[in-house]
Amino acid sequence: MQAKSPFVIAAIAALAPGLALADADHGGVKQPVDRGPANADYEPAFPEQANAPKMEATEVAVETFADGLERPWGLAPLPEGGYLVTERPGRLRHVSAEGEVGEPITGLPEIDAREQGGLLDVTLSPEFGSDRMVYFTYAKPVDGGVATAAARGTLTEDMTALEGVEDIFVQGPPANAPMHYGSRITFDGEGHVFITTGEHFTDEYREMAQDITNTYGVVVRLNPDGSVPEDNPFVGQEGEDAIWSYGHRNIQGAAIQPSTGDYWTIEHGPAGGDELNRPEPGANYGWPKVSYGLRYDGEPVGIGEPRAEGMEEPVYYWDPVIAPGGMAFYEGDAFEGWEGDLVIASLVPGEVVRLDINEEGLVVGEEALVGGNGRVRDVEIADDGSVLFLIDSEAGAIMRMSPKE
């Protein structure tokens, strides 16, 4: 990605994060959100790629919408009101519009809930009103280890069971490391479903994110029944036909931008280097050859550079990290001036992060909002424009964020 119409303010922010930034519009001082010192000393490839100016603080009120959940991971709104929520230990629950949490929904497959595995994301078929189909991702035990998998099943009218559950995708080959599964599942509005995966973290598997003959560290694009669209970039070539893009580390956020229809993702970096991307078909996003972060031991990643020929630049990156979870583009009237902004769950330090994205697809402002009492795993925009977000803990909850009156 190339920079377009660079702003002087953002340029100073990116190249000298510690300096105060003159705000031409307000005559004040704008600095990036303060999250502490960076891990690496890399400079961004273009001005708006990092350290966007901190936006004016939004005054919010936060309340508990539903509690009594264990490690909630994914949240999906139901058209008739209420939500489906996953619990990573392997439970899917219905939460009513009033916040009442139902008993576990039956019919799920066997799930491996060790380490970072378990029942992960959930979303509804675009035709849910007629087919009642629910799609979800999970850590699947397979011969030789575990794999990120995506499945679907029909939700009964009484919200108590999934029927006819079948896998539509199983990552390959199996891994013996129950880490870095991805995984978000997202419909693009054009008859396709995107599924994100991770590269299972360890040195044994990490390099596989650069090999398109497997599905480690990739975005997968499928038809809803699991078949491969004929226009996928690697169809008819050597490689996995299901792959849309590759060279990713651990993608745990994904969303379709309403104004453009573009597909966006956000992935965990190591020590620094969380990335916001707009994955293009067939493109290589660099992991683990290049990164804007460092290894956890402080050593360089890959070739020791943040960029290389033939590898795509992230739209935006963070150093230090926000440890991203789910994300959603804001549509609603509750928060004035938020329309079209990107709202992101942050596990560390436990925030809801808002990004202002301009018409050219560049990040021109950032805000860190109060999260709650723990790691924020997923976000959804409610019908009334409030923001619902999941607290990922043993005593987990769905929280509601609204403008402070």
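*Asks:* In this structure, what is going on with the overall build of the protein chain? I would like to understand it.
*Replies:* Within the protein chain one finds three helices and 25 strands. The principal-axis extent of the C-alpha atoms belonging to the protein chain is close to 60 × 55 × 40 Å. The burial tally for the protein chain puts 57% of its 405 residues in the buried class. Here the protein chain has roughly 16,300 Å² of accessible surface; of this, 46% comes from carbon and sulfur atoms. Side chains of the protein chain give 25 positive and 71 negative charges; the mean places of these two sets differ by 5 Å.

*Asks:* Is there a simple way to explain the side chain of histidine 94 in this structure?
*Replies:* Examined against the element boundaries, histidine 94 turns out to sit in strand E6 (residues 91-95). Histidine 94 has contacts with Leu78, Tyr83, Leu84, Glu100, Val101, Gly102, Ile105 and Met159, leaving out every residue within four places of it along the chain.

*Asks:* Quick question: what am I supposed to make of the environment of glutamate 331 here?
*Replies:* Structurally, glutamate 331 is set in the loop between strand E19 (324-329) and strand E20 (342-346). Separated by 50 residues in sequence, glutamate 331 and isoleucine 381 have C-alpha atoms that sit 7.2 Å apart. With sequence-adjacent residues up to four places away left out, glutamate 331 is seen in contact with Pro258, Glu339 and Ile381.

*Asks:* Got a minute to help me understand the sheet that holds strand E7 (residues 119-124) in this structure?
*Replies:* Adjacent strands of a sheet form backbone hydrogen bonds with each other and so pair up, either parallel or antiparallel. Read across the open sheet, the four strands follow the order E7-E8-E9-E10; overall the sheet is antiparallel. A strand with exactly one partner marks an edge of an open sheet, and here the two such strands are E7 and strand E10 (162-170). Each strand of the sheet is rotated relative to its neighbour by a mean of 30 degrees, with strand direction disregarded. Pairing geometry for E7 and strand E8 (residues 133-142), over four bridges, is antiparallel. Within E8, the position partnered with leucine 124 by the bridge is valine 134.

*Asks:* So what exactly am I meant to see when it comes to the pattern of salt bridges here?
*Replies:* When the charged atoms of two side chains lie near each other, side chains of opposite charge can form a pair. As enumerated under the stated definition, the model contains 25 salt bridges in all. For arginine 295, the salt bridge identified is with aspartate 297, shortest N-O distance 4.0 Å. Residue class for arginine 295 comes out partly exposed when judged on its relative accessible area of 32%. Overlapping salt bridges, with partners in common, bring together Glu199, Asp203, Arg206, Arg295 and Asp297 in one network.

*Asks:* Explanation requested: the sheet that holds strand E16 (residues 263-267) in the structure shown.
*Replies:* A sheet is described by the order of its strands in space; here four strands give the open sequence E15-E16-E17-E18, paired in antiparallel fashion. Edge strands, defined here as strands with exactly one partner in the open sheet, are strand E15 (251-256) and strand E18 (316-318). For this sheet, the mean angle separating the axes of adjacent strands, direction not counted, is 15 degrees. Pairing of E16 with strand E17 (residues 274-277) involves three bridges; the strand directions are antiparallel. Note on E17: the bridge partner recorded for glutamate 267 is glutamate 275.

*Asks:* Could you clarify how one ought to interpret unusual backbone geometry in this entry?
*Replies:* The omega angle of the peptide bond from glycine 182 to serine 183 is -5 degrees, so this bond is cis rather than trans. Tracing the backbone through its elements, the reader meets serine 183 in the loop between E10 and strand E11 (185-187). In this structure, the amide linkage connecting aspartate 319 to the following residue, proline 320, adopts the cis form with an omega of 5 degrees. Mapping proline 320 onto the fold places it in the loop between E18 and E19. Backbone geometry at glutamate 115 places phi at a positive 50 degrees, although glycine is not the residue there. Considering the arrangement of structural elements, one finds glutamate 115 in the loop between E6 and E7. For glutamate 115, a relative accessible area of 55% corresponds to the exposed category.

*Asks:* Looking at this structure, I do not really get the confidence of the model for the protein chain. What am I missing?
*Replies:* Should pLDDT be low for a region, the predicted coordinates there are not to be read in detail. Considering every residue of the protein chain, the mean pLDDT works out to 92; 92% of them sit at 70 or more. Across residues 1-28, where pLDDT falls below 50, the model places 54 contacts with residues more than four positions away in sequence or in other chains.

*Asks:* I would appreciate a short explanation of the packing of aromatic side chains in the present structure.
*Replies:* The description of an aromatic ring pair uses the distance of the two centres, along with the angle that the planes make with each other. For the coordinates displayed, the defined rule picks out 15 aromatic pairs. For the ring pair phenylalanine 335 and tryptophan 338, a centre distance of 4.0 Å and an interplane angle of 10 degrees mean the geometry is stacked. Accessibility assignment for this pair places phenylalanine 335 and tryptophan 338 in one class, buried. Here a set of aromatic residues connected by ring pairs shows up, and it is made of Tyr42, Tyr292 and Tyr317. Over the aromatic face of phenylalanine 201 sits the side chain of arginine 206, whose NZ or CZ is 5.9 Å from the ring centroid.

*Asks:* Please explain the pairing of E15 as it appears in this structure.
*Replies:* Where burial is concerned, most of E15 is hidden: five out of the six residues are buried. Between E15 and E16, which follow one another and run antiparallel, lie six residues, and glycine 261 among them has a positive phi close to 80 degrees.

*Asks:* How do you make sense of the environment of arginine 88 when you look at a structure like this?
*Replies:* With respect to the secondary-structure elements, arginine 88 resides in the loop between strand E5 (83-87) and E6. Along the chain, arginine 88 and asparagine 214 lie 126 residues apart, while their C-alpha atoms are 25 Å from each other. In contact with arginine 88, other than residues within four places in its own chain, are Glu70, Arg71, Trp73, Ala113, Glu115, Gln116, Gly117, Gly118, Leu119 and Leu120. A distance of 2.6 Å separates the side chain of arginine 88 from the backbone oxygen of glutamate 115, its partner in a polar contact.

*Asks:* Sorry if this is basic, but what is going on with the pairing of strand E25 (residues 396-403) here?
*Replies:* Consecutive side chains of a regular strand alternate in pointing toward one face of the sheet and then the other. In terms of residue burial, E25 counts as a mostly covered element, since six of its eight residues are buried. Summarising the sheet, strand E3 (residues 60-69) and E25 pair through eight bridges and their orientation is antiparallel. Residue pairing in the sheet places valine 62 in a bridge with methionine 401 of E25. Here strand E24 (residues 387-392) pairs with E25 via five bridges, running antiparallel. Opposite leucine 388, over in E25, you have arginine 400 as the bridge partner. Counted between consecutive antiparallel strands, the loop separating E24 from E25 contains three residues.

Cut-offs applied
Residues numbered from 1 in each chain as written. Predicted model: local features only at pLDDT ≥ 70, side-chain atom pairs only at ≥ 80, totals over all residues. Heavy atoms only, no water. Helix = DSSP H or I, 4+ residues; strand = E, 2+ residues; numbered from the N terminus. Buried < 20%, exposed > 50% of the residue type's maximum accessible area, 1.4 Å probe, protein only. Areas by Shrake-Rupley, 256 points an atom, 1.4 Å probe, with all protein chains shown as cover. Lys, Arg positive; Asp, Glu negative; His and termini not counted. Charge placed at Lys NZ, Arg CZ, Asp CG, Glu CD. Contact = heavy atoms within 4.5 Å. Pairing = 2+ DSSP bridges. Axes fitted to C-alpha atoms, helices over the stretch in contact; angles between N-to-C directions. Salt bridge = Lys/Arg side-chain N within 4 Å of Asp/Glu carboxyl O. pLDDT = per-residue confidence, 0-100. Phe/Tyr/Trp six-rings, centres within 6.5 Å; stacked < 30°, edge-to-face > 60°. Lys NZ or Arg CZ within 6 Å of the ring centre and 35° of its normal. Polar contact = N/O pair within 3.5 Å; in protein donor to acceptor, adjacent residues only side chain to side chain.

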